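# Understanding the architecture of this molecule
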Amino acid sequence: MNQRKILLKIKKILITFAAILILSFLFFPFFWATVSSFMHETELFSRTPKIAFSTLDNYITLFQDSFFINALKNSAILAPLTTLLTLLISTFSSYGLSRMRIPGRGALLLLIVFFQMLPTLAYIVPLFVFFNALKLLGTYYGLIIVFTLLNLPLSVYLLKTYFDSLPYGLEEAALVDGASYLTIITRIILPLSLPGLFTVGIFAFTGAWNELLFALVFSDSTTQTLPVKIVGYGQVSGHTRIALMLTGSVITSIPPVIIALLFSKYLLKGLTSGAFKY
Amino acid sequence: MKLSRRESLNGLLLLSPALLFFSIFLIYPVSLSLQFSFTDFDLTTGKPPDFIGLRNYINALKDPIVIDSIIRTFIFSAATCSISFLLGFVLAILLNEDLYLKRILRSISIIPYIMPSAANALMWLWIFDGEYGIANYILKTLGLISQNIVWFAYPPTAMMGIIITTSSKMTPFMMLILLAGLQQIPEIHYESAKIDGANSIQRFRFITLPAMKGVIGVTVVQGIIWSFKTFDVIYAQTLGGPYYSTTTLSYLVYRYSFDYLRFGYACALSFILTLLILLLSVLTIKLVRE
């Protein structure tokens, strides 16, 4: 009996070890870039890799680069505003999809799933021409619109599934009492849906924060976001640029990483509800 | 059941912001894109686009650059999907077992997935650096290579680079979906199989796999869509090079759109891409169902 216990313990240790081994491969880029970002150039560019936390120089240089600060500012403005607009639009439409008997509802849902799998590149050219005509290229408005567009299919789908799971009784009672849909949504549904809204909000925020393709094509030098800026560092050769590229990548990753650490529960709920984002 | 007119009217009213948004910024552009794809719309010539019928599509299917990039997309997709699926499935099974730090390991495993793919790609770029990269150092220390490899200067190693980079983000994604699937399998099934004397491989083969069929199908389809849409990693690491060796169909659409400004041709290519994604997704779902 005792031997069996020891065997089980060994098995548990081995399984833990194997899981950590795979996870460390997945975490290695982030770990290695973070370590590298705290090194002097001489340590960074040596034939035998070192692990050293010896300097904040790379961070100081980066924060003195006005273009980087500007990109940071743009991302910090665009991501929350996109989140707000996404939440606003998806709340109403998801409620409609969940509660009303709308003709062609099944087809609408299918269309939303199709939008989610449609490659951005299938509509980016006409959108570019269209936005050019509307003078939206290179503006915050244009970027917020395209980021929201990318977020909407997932958000509508997620929230609809969430609303489906809420009991209908309260709303019926409110309807009988003559409440309007706006009152029902703001007074009954929203307070009950905070976890669902939160999940959608997190996905919308990280979606806008991480986006590269639209951010690249639809921005100009003043409205560039962080991902565009750090990729820019990567595409110019030179030692200083590599240090900036790594430090910039670490900084860009920090908000999503913090969100993942604090709210992994909500992210998991979104991921396993059948709506996906990559 | 009779539809109440007032209710469907209210429903449409509630839906209208999203419908309007999708119609203006998605459906209208997609239909424009379809129109463009039948024209010789080219920003470099500056002349108004002419209708040329199916010529863009015919040219595309005769263009060796397009055909090669489609083949490359399939290789890239097959490699990233199988690496991510296998690694993700193993990790999901491990995290579903009895292990130490279970909750922490599960919740941190979402981090690589939620990281910006551009940042992730740049971090790998440094790992694979030809002169100072730690990948070369490790491989040399292990005696697997004798000289530094300049990873992104040679077609096969550059392809390996973008495959590994994409897989490192796709693996945790697949793992989390698979793990959620594993947790749905009732423990009782395993217990009764144990009583019947089934070993762990048999339990996996006859309980886990059949129960996971649907979830496996979903993860594979998502992986295919993801890999076919991949742009960030290629743009951040190789720009499609050296020569065309890491130019997938997605990246080729981008180049024809915004490097060569051949909008008509690019739109035709983008519909070929969309059709391929649709076709593969439907095929995979059919395959899994059987």
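Above this text sits the structure in question.
Residues numbered from 1 in each chain as written. Chains lettered and ligands numbered in written order. Predicted model: local features only at pLDDT ≥ 70, side-chain atom pairs only at ≥ 80, totals over all residues. Heavy atoms only, no water.

### Digging into the overall build of chain B
Counted only if it meets this: Going along the chain from the N terminus, every DSSP run of H or I of four or more residues is numbered as a helix, and every run of E of two or more is numbered as a strand. Partly exposed residues are those whose accessible area sits between 20% and 50% of the maximum for their type, while under 20% is buried and over 50% is exposed, using a 1.4 Å probe and protein chains only. Two residues qualify as a contact provided that any one of their heavy atoms is within 4.5 Å of a heavy atom in the partner residue. Computed by Shrake-Rupley with a 1.4 Å probe, the accessible areas treat only the displayed protein chains as cover when residues are assessed. This count recognises Lys and Arg as positive and Asp and Glu as negative, with His and chain-terminal groups excluded. Every charge is mapped to an atom, namely NZ of Lys, CZ of Arg, CG of Asp or CD of Glu.
Assigned secondary structure in chain B consists of 13 helices and zero strands. Shown N-terminal to C-terminal, the secondary structure of chain B runs as helices and strands in the order α-α-α-α-α-α-α-α-α-α-α-α-α. Its C-alpha atoms put chain B at 75 × 75 × 35 Å along the principal axes. Per-residue burial for chain B yields a buried fraction of 56% across its 290 residues. Residue pairs at least 24 apart in sequence account for 66% of intrachain contacts in chain B once pairs closer than 6 positions are excluded. Accessible surface, chain B as shown: approximately 13,500 Å² in total, 67% of it carbon and sulfur. The positive charge centre, built from 21 side chains, and the negative charge centre, built from 16, are 7 Å apart in chain B.

### A look at a nonpolar patch on the surface
For the record, the criterion: To count toward a patch, a residue needs a relative accessible area above 30% and no salt bridge. Like charges then connect within 9 Å, nonpolar side chains (Val, Leu, Ile, Met, Phe, Trp, Tyr) within 5 Å. Throughout this description, the term salt bridge denotes a Lys or Arg side-chain nitrogen within 4 Å of a carboxyl oxygen of Asp or Glu.
Together, Ile13 and Ile20 of chain A together with Tyr100, Leu101 and Ile104 of chain B make up an exposed nonpolar region whose accessible area comes to about 440 Å². For Tyr100 of chain B, a relative accessible area of 30% puts it in the partly exposed group.

### Focus: the packing of aromatic side chains
All names here are of chain B. Here is the rule: Side-chain rings of Phe, Tyr and Trp (the six-membered ring for Trp) are treated as a pair once their centres are within 6.5 Å; stacked means planes under 30 degrees apart, edge-to-face means over 60, and tilted covers the remaining angles. Remark: a charge is flagged as sitting over a ring if the NZ atom of Lys or the CZ atom of Arg is within 6 Å of the ring centre and within 35 degrees of the ring normal.
If you walk through the whole model with that rule in mind, you get 49 aromatic pairs over all chains. Both rings, one in Tyr235 and one in Tyr254, keep their centres 5.9 Å apart while their planes meet at 75°; by these two values the pair is edge-to-face. Residue Tyr235 is found in helix H11 (residues 232-237), and its partner Tyr254 is found in helix H12 (residues 249-259); the two are separated by 19 residues along the sequence. Of the two residues examined, Tyr235 and Tyr254, each falls in the buried class. Summarising the aromatic geometry, the rings of Tyr256 and Tyr265 are spaced 4.9 Å apart at their centres and angled 85° between planes, so their arrangement reads as edge-to-face. With a relative accessible area of 6%, Tyr256 lands in the buried category. Between the NZ or CZ atom of Arg205 and the centre of the ring of Phe206, over which it lies, the distance is 4.9 Å.

### A few points about the interface of chain B and chain A
Under the convention used in this document: Accessible area that two parts lose when put together, evaluated with a 1.4 Å probe and summed over both, is termed the buried area. Counting of polar contacts relies on pairs of N or O atoms within 3.5 Å, with two restrictions inside protein: one atom must be capable of donating a hydrogen and the other of accepting it, and residues adjacent in sequence are counted only when both atoms are side-chain atoms.
With 92 residues of chain B at the interface, the matching set in chain A holds 98 residues. Interface area, chain B with chain A, both sides summed: about 8,900 Å², of which 82% is carbon and sulfur. The largest share of the area that chain B buries against chain A comes from Leu14, Tyr100 and Trp126 of chain B, three residues that together contribute 9% of it. With a closest N to O distance of 3.9 Å, Glu97 of chain B and Lys11 of chain A form a salt bridge. Viewed at the interface, chain A and chain B are joined by six residue pairs in polar contact (both at pLDDT 80 or more). With 22 residues, helix H1 (residues 5-36) of chain B is the single largest residue contributor to the side of chain B that touches chain A.

### Here's the deal with empty space enclosed by the protein
Selection criterion: Of the grid points, spaced at 1 Å and generated over the protein atoms alone, those admitting a 1.4 Å probe that cannot get out make up cavities, while open sets with protein on both sides within 12 Å along at least five of seven lines make up pockets; any residue with an atom within 4 Å of a point is treated as lining. Grid points are joined across faces, edges and corners, and a volume is the space filled by probe spheres set on the points. Throughout this entry, Asp, Glu, Lys and Arg are counted as charged residues, while Ala, Val, Leu, Ile, Met, Phe, Trp, Tyr, Cys and Pro are counted as nonpolar. The remaining residues, Gly among them, count as polar.
Evaluated as defined, the whole model comprises three cavities of 30 Å³ or more. Computed from the structure, the second largest cavity encloses a volume of approximately 40 Å³. In terms of lining residues, the second largest cavity is bounded by Trp32, Ser36, Met39, Glu43, Leu44, Pro49 and Lys50 of chain A together with Trp126 and Tyr132 of chain B. When residues of the lining of the second largest cavity are traced back to their parent elements, those giving at least two are helix H1 (2-37) and helix H2 (41-44) of chain A. The residue inventory of the lining of the second largest cavity, partitioned by class, reads six nonpolar, one polar and two charged.

### Observations regarding unusual backbone geometry
Residues and elements named next belong to chain B. The peptide bond linking Gly241 to Pro242 adopts the cis configuration, its omega dihedral lying at -5°. Backbone geometry at Tyr243 places phi at a positive 50°, although glycine is not the residue there. As for its position among the elements, Tyr243 is in the loop between H11 and H12.

### Considering the packing of helix H10 (residues 200-229) of chain B against helix H13 (residues 263-289) of chain B
Residue and element names in this part refer to chain B. So the rule is basically this: Here the axes come from fitting lines to C-alpha atoms, over the contacting stretch only for helices, and the angles between their N-to-C directions go from 0 to 180 degrees. Roughly parallel means an angle under 35 degrees; roughly antiparallel means over 145; roughly perpendicular covers 65 to 115; every other angle is labelled oblique. We call a crossing left-handed when the near helix sits turned anticlockwise from the far one by less than a right angle, and right-handed when that turn is clockwise.
It is the contact of H10 with H13, at a shortest axis distance of 9 Å, that shows an interaxial angle of 165°. Considering the angle they form, H10 stands roughly antiparallel to H13. Where H10 crosses over H13, the handedness of that crossing is right-handed. Across the interface between the two elements, Lys213, Gly217, Val220, Val221, Ile224, Ile225, Phe228 and Lys229 of H10 pack against Leu273, Leu276, Ile277, Leu280, Ser281, Thr284, Ile285, Val288 and Arg289 of H13. Within the contact of H10 with H13, the residues separate by chemical class into eleven nonpolar, three polar and three charged.

### With respect to the pattern of salt bridges
All names here are of chain B. Inspection of every chain in the model, using the stated rule, returns seven salt bridges over all chains. Of the charged contacts, one joins Lys47 and Asp40 as a salt bridge, the two residues approaching to 2.9 Å between their closest N and O atoms. Given a relative accessible area of 26%, Asp40 falls into the partly exposed group. Where Lys47 meets Asp50, a salt bridge forms, and the shortest distance between an N and an O atom there is 3.6 Å. Accessibility expressed as a relative area gives 38% for Lys47, which makes it partly exposed.

Functional significance is not addressed by these values, which are geometric in nature.
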